[in-house]
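Summary of structural features
The primary structure of each chain is shown beneath.
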Amino acid sequence: MSEGRTRQGRRGRVWRAVAPWLASGLAMACSSPRVAPEPEPAAPVAMPTPTLPPTIALVPIAGPDEVLVGNLVRNQPGSLEAPSEYCLEDGRLWRGARFRVGRTNVFDADDRLDAAAGDGTATVTVAVTGRRRPSLDERLVDVGPCPPDHAGDLERMQLRSDWIPDEGLASNTTHARMAATAYVAAVAAVPVTLVELGARTDGQLAIRLHNPFDQPLDGVTITAHYEGGPTKPMPRHDPIDVRLAPGAHVDLTVSLGDRGPGRRGGHRLASIDWSGRAGAATFDVSVAVPAP
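Attention in this report is confined to the structure presented alongside it.

About the criteria used
- Residues numbered from 1 in each chain as written.
- Predicted model: local features only at pLDDT ≥ 70, side-chain atom pairs only at ≥ 80, totals over all residues.
- Heavy atoms only, no water.
- Disulfide = S-S within 2.5 Å.
- Helix = DSSP H or I, 4+ residues; strand = E, 2+ residues; numbered from the N terminus.
- Pairing = 2+ DSSP bridges.
- Axes fitted to C-alpha atoms, helices over the stretch in contact; angles between N-to-C directions.
- Core = buried A, V, L, I, M, F, W, Y, C linked by side-chain atoms within 4.5 Å.
- Buried < 20%, exposed > 50% of the residue type's maximum accessible area, 1.4 Å probe, protein only.
- Contact = heavy atoms within 4.5 Å.
- Salt bridge = Lys/Arg side-chain N within 4 Å of Asp/Glu carboxyl O.

1. A short note on the state of the cysteines
Using the criterion set out here, one finds one disulfide in the structure. Note that Cys 87 is cross-linked by a disulfide to Cys 146, the S-S spacing being 1.9 Å. Disulfide Cys 87-Cys 146: the torsion about the S-S bond is 125 degrees, which places it as right-handed. In this pair, Cys 87 is assigned in strand 2 (residues 85-87) and Cys 146 in the loop between strand 7 (141-145) and helix 3 (175-179), connecting sequence segments 59 residues apart.

Below, the structure written as C-alpha cells:
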C-alpha cells in the first residue's frame, strides 16, 4: 500500500470518530436560547407643576358680569338660615327664591342650580354668573295670608347674628329690610371644587386647596373655622396663608382643634372658609369638616 493511501485511511478513521461529537455540539448550539441584551435604563421623567387636569376649563371671573362663589343651598319654608317664604308686617305670606349661594338669594337659573344640587346629600360649591340687584323685595310673590303658627319656635330661640339670614328671620322681617337686601339674577351656574378633605393623622387634617378660576386669588382670605367655647359656641378663624395661581392647587395640613370627646371648652375644626374678592368674583364659601 502506498504512503498516500495510508494517510487517507487514517484521516477517514479520525473523521468517523469525531463526527458524532461535532454533530451533537452543533445541535446543542442551535437549540440553546439566545440571551437578550440588558435594557437601557429609563430616562427620568420631569414632574409637572401641580394643576387641575387640563381637560377642565378654568372658570372666567375677570368680568364684566359678576360671579358669586359659595355653597349652594335649597331654601325651605320655615328654615332658620335659608327661608323660602316670609310673613311680613302686612300680614301676607311672600315667596322668595328657591336657592341661595352662601348668604345671597339667587333667582333665574333654577334649572341649572337644581341639577347642580343633586339629591342634597352633599354640599356643592357653585360659581354663579349674573347681576347683583339691590332689592329682594321686588322679587317676592304674594301667596296669601300668613298662617297663624308661621313663627314656630324661631322667635324664642337664642340666636347668633351669623345664624340669621341677611333678609331677617322668616317670621320677623319687613318689606323695608327686604328692599335693602341684595340678590343675584343669574344667567349661568357651574359646580366648582375649592377644597378636598383628606386623611386625619395625629390631630391634623390633610386638605387640598384648588383655584379653578382664570385669575389668581390674591384678594381671597382662606381660614380654618373652629367652633367651641365654655358656654355658647363661639367661632374662631385661623388664617391659611397660601397663594393660588390660576388652575393650581396646594396640599397642606391644618389642626383638627383641641376638643376631645366629652370635653367642654375646647374648639373643633368645623369648616374651611373662603371670603373676599378676586376679579369680578365674590367668595362666600364654607366647606364643612364632619365630626369624627
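2. Quick notes on the sheet that holds strand 10 (residues 204-210)
Strand order across the open sheet formed by three strands is 9-10-13, with antiparallel pairing between neighbours. Whereas interior strands pair on both sides, the edge strands pair on one side only; in this sheet they are strand 9 (195-201) and strand 13 (249-255). Each adjacent strand pair in this sheet contributes to an overall mean axis angle of 25 degrees, direction not counted. Across five bridges, the pairing between strand 9 and strand 10 is antiparallel. Residue pairing for strand 10: Thr 201 is matched across the bridge by Gln 204.

3. What to know about the nonpolar core
Val 69, Leu 209, Phe 213, Leu 269, Ile 272, Trp 274 and Phe 283 are the most contacted members of the largest nonpolar core, which has 30 residues in total. Residues within four places of Trp 274 in sequence aside, it is in contact with Leu 194, Val 195, Leu 209, His 210, Leu 217, Val 220, Thr 221, Ile 222, Leu 244, Phe 283, Asp 284 and Val 285. Grouped together as the second largest cluster of nonpolar side chains are 15 residues, Leu 72, Val 101, Val 128 and Ala 189 included.

4. A closer look at the sheet that holds strand 3 (residues 92-95)
Pairing is antiparallel in the open sheet, where three strands are placed in the order 2-3-7. If you trace the sheet from one side to the other, it starts and ends with strand 2 and strand 7, each paired once. Adjacent strand axes in the sheet meet at a mean angle of 25 degrees, parallel and antiparallel pairs treated alike. Alignment of strand 3 against strand 7, held across four bridges, turns out to be antiparallel. Residue pairing in the sheet places Leu 93 in a bridge with Gly 144 of strand 7.

5. Notes on the pattern of salt bridges
Across all of its chains, the model carries 12 salt bridges by this definition. Note that Arg 98 and Asp 110 form a salt bridge whose closest N and O atoms lie 3.9 Å from each other. One end of the pair, Arg 98, is in the loop between strand 3 and strand 4 (99-101); the other, Asp 110, is in helix 2 (residues 110-117), with 12 residues separating them in the sequence. For Asp 110, a relative accessible area of 25% corresponds to the partly exposed category. A salt bridge links Arg 98 to Asp 114; the shortest N-O distance between them is 3.5 Å.

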